[in-house]
Amino acid sequence: MNADATVAELSARARRAQLLVDRFDQSATDLLVAAAAWAIMEPRRNRALAELAVADTGLGNVADKIAKNHRKTFGLLRDLKDAKTVGVIFEDPARGITEIARPVGVVAAITPSTNPAATPANKIINALKGRNAIILAPSPKAWTTCARLIAFIHAEFDRIAAPRDLVQMLPMPITKEATQELMRRADLIVATGSQANIRAAYASGTPAFGVGAGNVASIVAASADLVAAAAMIARSKCFDNATSCSSENSVIIDAAIYGAMLDALRDAGGVLLDAAARTRLEHRLWTNGKLAPDMIAQAAPTLASLAGLTGGAT
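About the thresholds
Residues numbered from 1 in each chain as written. Predicted model: local features only at pLDDT ≥ 70, side-chain atom pairs only at ≥ 80, totals over all residues. Heavy atoms only, no water. Pairing = 2+ DSSP bridges. Helix = DSSP H or I, 4+ residues; strand = E, 2+ residues; numbered from the N terminus. Right-handed = clockwise from strand over helix to strand, strands pointing away. Expected span 1.5 Å × (residues − 1). Buried < 20%, exposed > 50% of the residue type's maximum accessible area, 1.4 Å probe, protein only. Salt bridge = Lys/Arg side-chain N within 4 Å of Asp/Glu carboxyl O. Polar contact = N/O pair within 3.5 Å; in protein donor to acceptor, adjacent residues only side chain to side chain. Axes fitted to C-alpha atoms, helices over the stretch in contact; angles between N-to-C directions. Parallel < 35°, antiparallel > 145°, perpendicular 65-115°, else oblique. Left-handed = near helix turned anticlockwise from the far one by under 90°. Contact = heavy atoms within 4.5 Å. Nonpolar A, V, L, I, M, F, W, Y, C, P; charged D, E, K, R; others polar. Phe/Tyr/Trp six-rings, centres within 6.5 Å; stacked < 30°, edge-to-face > 60°. Lys NZ or Arg CZ within 6 Å of the ring centre and 35° of its normal. Core = buried A, V, L, I, M, F, W, Y, C linked by side-chain atoms within 4.5 Å.

**Comments concerning the pairing of strand β7 (residues 208–211)**
With four bridges connecting them, strand β6 (residues 188–192) and β7 associate as parallel partners. Looking at the pairing, V190 lines up with F209 of β7. Considered for its hand, the β-α-β crossover made up of β6, helix α8 (residues 195–202) and β7 is right-handed.

Below, the structure written as structure tokens:
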């Protein structure tokens, strides 16, 4: 079966499933959300997904992925807990305005290899909260982890007699053609990952929300608690080997506290490289203008070893 036919079949099944939940009340909708969330938050399944994610992608570490799977999902549940997404959700009699929530239909979700369980789960939960069906196009490296997550979700759906086809994914091999066809057939795209994926989503002709590279700079002002700032920056940057979009890309320090902040960062485990060591690391990180795959999302000691950094650090 070619890509067009495969995606057409998935989309047809998704639309049939979505019609079944189109008339769900808020309570039944929230039960769908809870079922999908428990599929990743249940401790044994959480660990299984974290271990599989690291084994499949080689990115991050198991302990932090377990924490991420739990915290991101729990935080999303907290944010959605009292949100009304069914029927009349707002009325302003004075202005004659009534807002009525309705599903979008079928959501296409493009997900990256850096968070192969947490990001798909987040997109799935949000889609279900709006009584939508969702079809995922994961990174090829993350396909097995995403498939395991969906299997867990389907098991929870079976317990509440919900249609499995509400949550589906593209089969292997994941191709650009299949992903583009999915985006074309969907009613909404939520894309996370490379700039190429985001551009493709926006160029598809389908309404899209895109989230590209994160990793912003942190600015440390003179009024900051330097010890606390250094500890938070170190924890954020090292968590899951910096696979999260919230991990700092750089630190900008007020000149008045520059020396003191460097001392605080050293005390938090940081290392300042001299010019020669920086050049060595840069050359090892980048090859022909592209990041070296074996250097992505690895622990700091691993990066130092791969770059041959045995000295030149303070």
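**Some details on helix α5 (residues 118–129)**
When the terminal C-alpha atoms of α5 are compared, their 17 Å separation across twelve residues agrees well with the 16 Å that a helix rising 1.5 Å per residue should span. Counting buried residues in α5 gives ten out of twelve residues, a clear majority hidden from the surface. Among all positions of α5, only A118, T119, P120, A121, K123, I124, I125, A127, L128 and K129 are buried. A positive backbone phi angle near 60° is found at R131, which sits one or two residues after α5.

**Some points on the pairing of strand β3 (residues 106–111)**
The two faces of a sheet get side chains in turn, since along a regular strand they alternate between them. A large share of β3 lies buried, amounting to six of its six residues. Taking every second residue as pointing to the same face, both faces of β3 are buried, with V106, A108 and I110 on one and V107, A109 and T111 on the other. Bridge analysis of β3 against strand β4 (residues 133–138) gives six bridges, and the strand direction is parallel. Note that in β4 the partner of V106 across the bridge is A133. A crossover links β3 with its parallel partner β4, the connecting element being α5, and its sense is right-handed. Pairing between β3 and β6: four bridges, direction parallel. Paired with A109 across the strands is V190, a residue of β6.

**Quick notes on the pattern of salt bridges**
A side chain with one charge may pair with a side chain of the opposite charge, provided their charged atoms come close. Enumeration over the complete set of coordinates arrives at 20 salt bridges. Here R45 ties to E156 by a salt bridge, and the two come within 3.0 Å at their closest N and O atoms. Of the two residues, R45 is situated in helix α3 (residues 43–57) and E156 in helix α6 (residues 143–159); the sequence distance between them amounts to 111 residues. When its relative accessible area of 13% is taken as the criterion, R45 is described as buried. For R164, the salt bridge goes to D158, with nearest N and O atoms at 2.6 Å.

**Things to note about the side chain of N241**
Note on placement: N241 falls in the loop between α9 (226–238) and β9 (250–253). N241 gets classed as buried once you look at its relative accessible area, which sits at 13%. Engagement of the side chain of N241 in a polar contact is seen with the backbone oxygen of G60, the distance being 3.5 Å.

**Brief notes about the packing of α3 against helix α4 (residues 62–80)**
Packing of α3 against α4 leaves a shortest axis separation of 9 Å and a crossing angle of 130°. Comparing the axis directions of α3 and α4 gives the class oblique. The interaxial crossing formed by α3 with α4 has right-handed handedness. In this structure, α3 uses N46, R47, L49, A50, E51, A53 and V54 to contact α4, whose residues at the interface are V62, K65, I66, N69 and H70. Along the lines of polarity and charge, the residues of the contact of α3 with α4 split into six nonpolar, three polar and three charged.

**Regarding the packing of aromatic side chains**
Each aromatic ring pair is characterised by the separation of its centres together with the angle its planes make. Across all of its chains, the model carries zero aromatic pairs by this definition. Over the ring of F152 we find R45, and its NZ or CZ is 5.6 Å from the ring centre.

**Quick look at the side chain of R45**
Polar side-chain contacts of R45 include one of 3.0 Å to the side chain of E156. Excluding residues that lie within four positions of it along the chain, R45 makes contacts with W38, A39, F152 and E156.

**As for the sheet that holds β4**
Strand order in the open sheet formed by five strands is β5-β4-β3-β6-β7, with parallel pairing between adjacent strands. Of all the strands in the sheet, just β5 (167–169) and β7 have a single pairing partner and so form its edges. Averaged over neighbouring strand pairs, the angle between their axes works out to 15° when direction is ignored. As defined by bridge partners, β4 adjoins β5 across three bridges and the pair is classed as parallel. Pairing of I134 across the sheet is with V167, part of β5.

**Some words on the nonpolar core**
Among the nonpolar cores identified, the biggest contains 54 residues, and I124, F157, L166 and V167 are the most heavily contacted of them. Ranked by residue count, the leading element in this core is helix α2 (residues 26–41), at eight residues. With sequence-adjacent residues up to four places away left out, F157 is seen in contact with L32, A35, L128, A162, P163, R164, L166 and V167. Ranked by size, the runner-up nonpolar core spans eleven residues in total, among them V220, A230, M261 and L262.

Just geometry here; none of it tells us what the structure is for.
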